Amino acid sequence: SSSSSSSSSSSSNSLSPSSSSSSGAAHHIPTIDLALLRGPAASCDDPKMAEELRHVRTALLEHGFLYLRLSTALSPDLCADAFLLSRRLFALPSQVKQSFAYDPVRNAGYVSLLQESLGGMHVPDAKPDFKEAWNFENVFHQGEETAQRHRACLPHDDSLLENATLANATVLDLQAQCRAASLEVMRAIGLALGLTDDYFASSHNQHDNTGTTLRFLHYPATP
């Protein structure tokens, strides 16, 4: 994963560049254009949306993966701000980062190198991940309470982030835009599988503790 959760694909609409599996066979994972999937369920009558839903179904049933084109869902300026903030956060001195150490109750804060493993507690012998992470709380409404909670996860000193207030606003805006895009994806998956458009999306109500988390990831270069 990239440093921020806001990366987007630049592949063609129907197929991505091929990649080889261990057996040598080339696989073409469809790239889904989120802009073609927006609108109420009645829009399924639209030929372009119907075709894109077929791509979604193919991706899910034949590959288990899909690429998303999010150029119309996430602001390019916001993505640039998020990547910049991510780089600044992970470049902070270790002592500063540890002062915002991960809190499992809130599922928020800084996760240090080798602190997590892919298998987690379920695979005791799993090798730890050579990555850092910065989690932000599962709060999606942009109110004062949200802003205060995010400030608790970020340095307040402008000398560390240049503009701590802007950093907080960037997290809030990115969280909101990513959440809106994820709900559109879940609605599309429901329709593509012949279910209702809210089959998956309804389980991610912004007022419930769904476990949905925005996090920045950093994989340092290895020797």
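Everything numeric here is computed off the predicted structure, so don't read it as measured data. (Residues numbered from 1 in each chain as written. Predicted model: local features only at pLDDT ≥ 70, side-chain atom pairs only at ≥ 80, totals over all residues. Heavy atoms only, no water.)

S.K.: Looking at this structure, how should I read the nonpolar core?
M.R.: In summary, soluble globular proteins display a tendency toward joint burial of nonpolar side chains. Core analysis: the biggest nonpolar cluster contains 35 residues, and Leu 37, Leu 89, Trp 134, Phe 136 and Phe 216 have the highest contact counts within it. The set of elements that each furnish at least two residues to this core consists of helix H1 (47–63), helix H2 (76–90), strand S6 (132–136), helix H6 (164–192) and strand S7 (214–218). Ranked by the residues each element gives to this core, the list is headed by H6, at nine residues. Not counting the four nearest positions on each side in its chain, Leu 37 is found in contact with Ile 32, Met 49, Glu 52, Leu 53, Val 56 and Ala 188. (Core = buried A, V, L, I, M, F, W, Y, C linked by side-chain atoms within 4.5 Å. Buried < 20%, exposed > 50% of the residue type's maximum accessible area, 1.4 Å probe, protein only. Helix = DSSP H or I, 4+ residues; strand = E, 2+ residues; numbered from the N terminus. Contact = heavy atoms within 4.5 Å.)

S.K.: Just checking my understanding: could you explain unusual backbone geometry for this structure?
M.R.: Leave glycine aside and you will find that most residues have negative phi; peptide bonds, for their part, are mostly trans. For Leu 114, which is not a glycine, the phi torsion comes out positive at approximately 65 degrees. With respect to the helices and strands, Leu 114 occurs in the loop between strand S5 (109–111) and S6. By relative accessible area, which is 47% here, Leu 114 ends up partly exposed. The backbone of Glu 162 sits at a positive phi, close to 70 degrees, despite the residue not being glycine. Structurally, Glu 162 can be placed in the loop between helix H5 (158–161) and H6.

S.K.: Help me understand H6 in this model?
M.R.: For an α-helix, 3.6 residues make a turn, and residues three or four places apart therefore share a direction. In a regular helix each residue adds 1.5 Å, so 29 residues correspond to 42 Å; H6 covers 42 Å between its end C-alpha atoms and thus fits that length. Measuring from the backbone nitrogen of Thr 165 back to the side-chain oxygen at the start of H6 gives 3.3 Å, which picks out Asn 163 as the cap. Immediately downstream of H6, the backbone of Gly 194 shows phi near 80 degrees, a positive value. (Expected span 1.5 Å × (residues − 1). Polar contact = N/O pair within 3.5 Å; in protein donor to acceptor, adjacent residues only side chain to side chain.)

By themselves, these figures tell us nothing about what the structure is for.
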